[in-house]
Amino acid sequence: MTRIRAALAAASVLLLAACGSGQGPESSDKGPTTVKVSVIPIVDVAPVYLGNQQGFFAEQGLKPQVETAQGGAAIVPAVVSGQVDFGFSNYTSLIIARSKGLPLKVVAPGNASTGVKGKDFGGVVVKSGSPIKSAKDLVGKRVAVNTLNNINDTTVRASIRAAGGDAKNVKFTELAFPDMQAALDKGNVDAIQVVEPFLTTALKGGGRLVASNYVDTAPNLTIAAYFTSQKTAASKPDLVKRFTAAMQKSLRYADANPDAVRKVLGTYTKIDPSVAGALTLPTYPAQVNGAGLRTLENLAAQDGLITKTPDVKDLLP
């Protein structure tokens, strides 16, 4: 929780500085407008890269400048401060940020669970010889997640509760996705919560899936979204409209062309081409699952991540 509070406090300070600076990506009548977009280098954000390849952003007069971060908790302050125009974040980070009063506005859905247990794009993996057989067995164990107090640890807790375990007695460790497999192999953690392409890599390396935490949390759970600051939404409505249109077209294309998604992964991740064909892809929905969003809000409150439920309209496109 300390990291989240620090990030949110930093965002508030940066916001004040940004409001007086007038700085930001500049547009030009002679060419496309450069927009800075901060994402996590995982399968979830393939539509951004794919849409850029297909010219969907160029059609809107935009040129994406994509930057990467470890998790949504780091992306939120960058967007609020004006360092980047748009960001990609899981919904739990957005819920926490809005509950603290940070001025965010979701502009497009990101990705969602397949809704199929054992065949989702994210899950909890243990070593082949581990005594852990189900989510209930994670009680008292060390579980790696990419960011603490986030959608991944709160949905792992949901899996544990669904299996009849005590979700309070779990030790979460923060590790970047690329570092988790080594930590599991060395015995530094007992389980890792990973998403594609790291899930397939872990399973091909002998790991065993013990929980589909997104599926256990809510049916067809919307995981993440693309968002901007309320300041940008108010001061640059045409830019936001064009970005949203490009993202919507990119999402539809990605959802309809899974082979293209697998191919584009090689342009921004180090995934082995032989692994790409085995990946379980998320869905790329046109709309946010409102029921799932409310479940994440309830979990954030239950886990002590928020004390005030934010206005849901700000978290819907």
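No experiment lies behind these values; they were computed from the predicted model shown. The residue numbers shown here count from 1 along each chain, following its written sequence. Only residues with pLDDT of at least 70 get local features here, since the model is predicted, and only at 80 or more are side-chain atom pairs given and counted; chain-wide, interface and lining totals rely on the full set of residues. Derived side-chain values reflect all non-hydrogen atoms in the structure, with water molecules and hydrogen atoms excluded from consideration.

## Examining the pattern of salt bridges
Part 1 of the reasoning: Whenever a carboxyl oxygen of Asp or Glu lies within 4 Å of a side-chain nitrogen of Lys or Arg, that contact is scored as a salt bridge. This structure, assessed with the given rule, holds 6 salt bridges.
Part 2 of the reasoning: Between Arg161 and Asp303 there is a salt bridge, with the nearest N and O atoms lying 2.6 Å from each other. Placement of Arg161 in helix α6 (residues 151-162) and of Asp303 in the segment after α14 (290-302) is noted, with a sequence separation of 142 residues between them. Put simply, DSSP H or I for four residues or longer makes a helix, DSSP E for two residues or longer makes a strand, and each gets a number counted from the N terminus.

## Points about the environment of Thr147
Part 1 of the reasoning: Summarising the element assignment, Thr147 is placed in the loop between β6 (142-145) and α6.
Part 2 of the reasoning: With a relative accessible area of 1%, Thr147 lands in the buried category.
Part 3 of the reasoning: For the pair formed by Thr147 and Gln70, sequence separation is 77 residues and the distance between their alpha carbons is 7.7 Å. Type-normalised accessible area, obtained with a 1.4 Å probe on protein chains alone, sets the label of each residue: buried when under 20%, exposed when over 50%, and partly exposed for intermediate values.

## Looking at the sheet that holds strand β5 (residues 122-126)
Strand pairing in a sheet takes place through backbone hydrogen bonds and is either antiparallel or parallel in direction.
Part 1 of the reasoning: The sheet built from 5 strands is open, its strands ordered β7-β6-β8-β5-β9 with mixed pairing. This sheet does not close on itself; its edge strands, each paired only once, are β7 (171-174) and β9 (208-211). Going from strand to strand, the sheet's axes swing by 35° on average, the running direction of each strand aside.
Part 2 of the reasoning: Here a strand pair is declared whenever DSSP counts at least two bridges between the two strands. Two strands pair when backbone bridges link them, and β6 and strand β8 (residues 191-195) are joined in this way by 2 bridges, in the parallel orientation. Looking at β8, one finds that Ala144 is bridged to Ile192.
Part 3 of the reasoning: Contacts between residues were defined by any pair of non-hydrogen atoms, one from each residue, lying within 4.5 Å. Throughout, an axis means a line fitted to C-alpha atoms (over the contacting stretch in the case of helices), and angles, computed between N-to-C directions, take values from 0 to 180 degrees. Of the strands in this sheet, β5, β6, β7, β8 and β9 are in contact with α6, which crosses β7 at around 155°.

## A word on the sheet that holds strand β3 (residues 86-90)
Part 1 of the reasoning: Spatially, β2-β1-β3-β10-β4 is the arrangement adopted by the 5 strands of the open sheet, whose pairing is mixed. Edge positions in the open sheet fall to β2 (62-68) and β4 (104-112), since each of these has one partner strand only. Strand-to-strand twist in this sheet, taken as the mean axis angle between neighbours without regard to direction, amounts to 25°.
Part 2 of the reasoning: Sheet analysis places strand β1 (residues 33-39) next to β2, joined by 7 bridges and oriented parallel. By the bridge assignment, Lys36 is partnered in β2 with Gln65.
Part 3 of the reasoning: Here helix α2 (residues 46-53) sits on the sheet and contacts β1, β2 and β10 (222-229); the angle it forms with β2, its principal contact strand, is near 145°.
Part 4 of the reasoning: Packed on one face of the sheet, helix α11 (residues 237-256) meets β1, β2, β3, β4 and β10 and runs near 5° to β4.

Note that every value here comes from positions in space, so none of it alone points to a role or purpose.
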